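# Secondary and tertiary structure notes
Each chain, written out:
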Amino acid sequence: MNNIILDIRGQICPACLLISLKELNNNRESIKKGEASLVVLTDHRDATRTIPNAVTAMGYSVNVEKKDGYYEITIKKER
Amino acid sequence: MHEAFGYIGGISNSSGLVIFAAGILLGFLLHRSDYCMAGMFRDIFLFKDSPLLRVFLIQVFVTMFLFYLGRASGLLELYPPPNLREASFITLAGGFIFGSGMVLAGGCVMGSLYKMGAGNVGSLFAFTGLIIGSGLYAEVYPLFFNLHKDTIIVKDVLLGQVFSNGEDILFIFLMVLLSLVILGWIKKGRIYQKAYAEGYIQPWVTAVLLSFINLLIYVTSQTPMAISTAYAKLAAYTEKLFVPAHYTNLEFFRRLSYSVYSSKGNLIEGGPGAQIDHIFVVEISLLMGIVFGSFISALSLREFRILKKLPPLAQLISAFAGGLLLGFSSRMAGGCNVKFLMSGLPMLSIQAMVFLLGLVPGSYLGTILFKRFVIGDKVTVTVNSPPTGGKDE
């Protein structure tokens, strides 16, 4: 499976969510088929609220992990 | 002006320390909850829903309740406080520009502080823009001040003064109404926020504590929480240092924002100029406290991140331009979202309501501008085949 890495660390709000959603839509086909997942790297605390909220509402599964000073949000097709 | 020992501008040095400490707590809470007022308004237009705006209404409600009690018990001596004035069309225009500015800056006057304290470079640009914008206003101050005087909407500062006899009924009605609305949201689970950030503090907790901090500041300083004149003061000190002759010529820096006696006979006075006065002790202490508190919070979570990764140029320009607009418009309106929405609205300040009336369409415009000019194709996307990726610094 492909991991599409989207590194948006250091970016201001509301860029984080908007860019993530845009990227999600660009790769909708492959993510829905389970061929790829979108991995968002962000140091924006609020993105750990807004991104999971938005993508679960869109029917994806989401996992958030804290890394070294930032968060890794993995968006996959629903299990 | 004669001042008692240990007193500056009608406020004691120890009060400044209390406010600095309150600022540290505030900065810590704002960072933990990512309590962003710019986001609250922007998200109405961006996502047709704004969970944090509901949380903000809790803050308005609790502050209204605390100020109401504080006034009734005589704890709040100066009511209306000296840092609120009449509303004019300049307040409305200021609110509109402010609304656009905060969306472009990625944070309001207070939000930019806690984000900067946590190491966000974009907010450092917004902070710089805020100082320069306040300084630019000083150049055109006489024009705008006359426009303000000529377009005053009502002479009263608070709505309660308009309905002098029905003031208590008005407040009780609003508090009952707000509590019913908030209870409804709590029942439907619309207040609790699910977030995965480490050390996350529920925004409603921050909302309630912000109200108490505001009361503490009001009791300590005789003025409710306000912060944006601190930026004008920073501009004043900078100009006094580098262009002293020009600084002395500017009327804006010579005038006082307020000068009133407290019941204890202290002359409470302060202005945007480069002098240590009431505004310096209150607002500069608060400003420094917020930056420091957020810095501590970010550091303790190992999330402090200055210069690790710069945002795209478009975002830096947007943050700086937004800061300029915030600085200029808050001086036009005579305050920012902190004074108006967090302090003025719960007192039913007419100036606060007029500011809000301008701020909402202003954030709509800001959202459109941000989407069009900042969210371009500036993101680099890399596709990795092995499932373990993400270390590309």
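Residues numbered from 1 in each chain as written. Chains lettered and ligands numbered in written order. Predicted model: local features only at pLDDT ≥ 70, side-chain atom pairs only at ≥ 80, totals over all residues. Heavy atoms only, no water.

Turning to a nonpolar patch on the surface, a few remarks are in order. All names here are of chain B. On the surface, Ile172, Val176, Leu180, Leu183 and Ile186 cluster together to form a nonpolar patch covering roughly 470 Å² of accessible area. Tracing the backbone shows Ile172 in helix H8 (residues 167–187). Exposure remark for Ile172: the relative accessible area of 45% places this residue in the partly exposed category. (Patch = residues over 30% accessible without salt bridge, like charges linked within 9 Å, V, L, I, M, F, W, Y side chains within 5 Å. Areas by Shrake-Rupley, 256 points an atom, 1.4 Å probe, with all protein chains shown as cover. Salt bridge = Lys/Arg side-chain N within 4 Å of Asp/Glu carboxyl O. Helix = DSSP H or I, 4+ residues; strand = E, 2+ residues; numbered from the N terminus. Buried < 20%, exposed > 50% of the residue type's maximum accessible area, 1.4 Å probe, protein only.)

Moving on, we come to the pattern of salt bridges. In total, this model carries 13 salt bridges over all chains according to the counting rule given. As a salt-bridge pair, Asp277(B) and Lys233(B) come within 3.1 Å of each other at their nearest N and O atoms. Residue Asp277(B) is located in the loop between strand E4 (267–270) and helix H13 (278–300), and its partner Lys233(B) is located in helix H10 (residues 229–242); the two are separated by 44 residues in the primary sequence. Of the two residues examined, Asp277(B) and Lys233(B), each falls in the buried class. Through salt bridges with shared partners, a single network forms among Arg45(A), Lys66(A), Glu198(B) and Glu303(B).

All names here are of chain A. Among the seven residues in strand E2 (residues 36–42), seven count as buried, and that is most of the element. Here E2 shows a buried face lined by Ala36, Leu38, Val40 and Thr42 and a second buried face lined by Ser37, Val39 and Leu41. Direction of pairing for strand E1 (residues 2–7) relative to E2: parallel, over a ladder of six bridges. Considered in E2, the bridge of Asn3 is made with Ser37. (Pairing = 2+ DSSP bridges.)

The subject of this paragraph is the interface of chain B and chain A. Taken together, the 51 residues of chain B in the interface contact 35 residues of chain A. In this assembly, chain B packs against chain A so that about 3,800 Å² is buried in total across both faces, 53% of it on carbon and sulfur atoms. Counting every contact that joins chain B to chain A gives four salt bridges. A salt bridge links Arg305(B) to Asp43(A); its shortest N-O distance comes to 3.2 Å. Run the count over chain B and chain A and you get 16 residue pairs in polar contact (both at pLDDT 80 or more). Going through the elements one at a time, helix H1 (13–33), helix H2 (37–47), helix H3 (51–72), helix H4 (89–105), helix H14 (313–333), helix H16 (350–373) and strand E5 (381–384) of chain B are the ones with two or more residues in the side of chain B that touches chain A. No other element matches the four residues that E5(B) contributes to the side of chain B that touches chain A. (Contact = heavy atoms within 4.5 Å. Buried area = accessible area lost by both parts, 1.4 Å probe. Polar contact = N/O pair within 3.5 Å; in protein donor to acceptor, adjacent residues only side chain to side chain.)

This part is about the nonpolar core. The biggest cluster of nonpolar side chains holds 113 residues, and the ones touching the most others in it are Ile75(A), Leu26(B), Met110(B), Met225(B), Ile227(B), Ile290(B) and Phe370(B). If we ignore the near neighbours within four places in the chain, the residues touching Met110(B) are Leu26(B), Leu30(B), Met225(B), Ile290(B), Val338(B) and Met342(B). If you look at the next biggest cluster of nonpolar residues, it comprises 13 residues, including Ile90(B), Phe144(B), Ala236(B) and Leu250(B). (Core = buried A, V, L, I, M, F, W, Y, C linked by side-chain atoms within 4.5 Å.)

Next up on the list: the side chain of Lys115(B). Relative to the elements of secondary structure, Lys115(B) occurs in helix H5 (residues 111–117). Asp34(B) provides the closest opposite charge to the buried, salt-bridge-free Lys115(B), at an N-O distance of 4.6 Å. Setting aside residues up to four positions removed in sequence, Lys115(B) forms contacts with Cys13(A), Asp34(B), Cys36(B), Gly106(B), Gly107(B), Asn120(B) and Ser123(B). (Lys, Arg positive; Asp, Glu negative; His and termini not counted.)

The subject of this paragraph is helix H6 (residues 121–150) of chain B. Between its first and last C-alpha, H6(B) extends 40 Å over 30 residues, near the 44 Å set by a 1.5 Å rise per residue. The sharpest bend along H6(B) reaches about 75° and sits at Val140(B), with the proline Pro142(B) one to four residues further on. (Expected span 1.5 Å × (residues − 1). Bend = angle between axes of the 7 residues up to and from the residue.)

Looking now at H4(B). Residues and elements named next belong to chain B. Between the first and last C-alpha of H4 there are 24 Å, a value that for 17 residues agrees with the 24 Å anticipated at 1.5 Å per step. Those residues of H4 lying buried are Ile90, Thr91, Gly94, Gly95, Phe98, Gly99, Ser100, Gly101, Met102, Val103, Leu104 and Ala105. On its buried side, H4 packs onto H2, H6, H14, helix H15 (337–344) and H16. One or two positions beyond H4, positive phi appears at Gly106, with a value near 75°.

For the rest of this paragraph, the subject is the confidence of the model for chain A. Low-confidence regions, as indicated by low pLDDT, have predicted coordinates that should not be scrutinised in detail. Per-residue confidence for chain A gives a mean pLDDT of 90; residues scoring 70 or more make up 100%. The least confident element of chain A is helix H1 (residues 15–26) of chain A, whose mean pLDDT is 88; the most confident is strand E3 (residues 60–66) of chain A, at 95. (pLDDT = per-residue confidence, 0-100.)

So, on to the packing of H1(B) against helix H9 (residues 203–221) of chain B. Residue and element names in this part refer to chain B. Viewed as axis vectors pointing N to C, H1 and H9 meet at an angle of 165°, and their least axial separation amounts to 10 Å. If you check the angle between H1 and H9, you find them roughly antiparallel. In this structure, H1 crosses over H9, and the sense of that crossing is left-handed. Residues Ser15, Val18, Ile19, Ala22, Leu25, Leu26, Leu29, Leu30 and Ser33 of H1 form the contact with H9, whose own contacting residues are Pro203, Thr206, Leu209, Leu210, Ile213, Leu216, Ile217, Thr220 and Ser221. (Axes fitted to C-alpha atoms, helices over the stretch in contact; angles between N-to-C directions. Parallel < 35°, antiparallel > 145°, perpendicular 65-115°, else oblique. Left-handed = near helix turned anticlockwise from the far one by under 90°.)

With that settled, the discussion passes to the packing of aromatic side chains. According to the stated counting rule, one finds 18 aromatic pairs over all chains in the structure shown. Aromatic side chains Phe45(B) and Tyr364(B) sit 5.1 Å apart centroid to centroid with 65° between the ring planes, which places their arrangement in the edge-to-face category. Here Tyr364(B) lies in helix H16 and Phe45(B) lies in helix H2, a separation of 319 residues in the sequence. Members of the aromatic cluster, each reached through a chain of ring pairs, are Tyr137(B), Tyr141(B), Phe144(B), Phe145(B), Tyr247(B), Phe252(B), Phe253(B) and Phe328(B). Looking at Arg9(A), its charged tip hangs above the ring of Tyr70(A), at a distance of 4.3 Å from the centre. (Phe/Tyr/Trp six-rings, centres within 6.5 Å; stacked < 30°, edge-to-face > 60°. Lys NZ or Arg CZ within 6 Å of the ring centre and 35° of its normal.)

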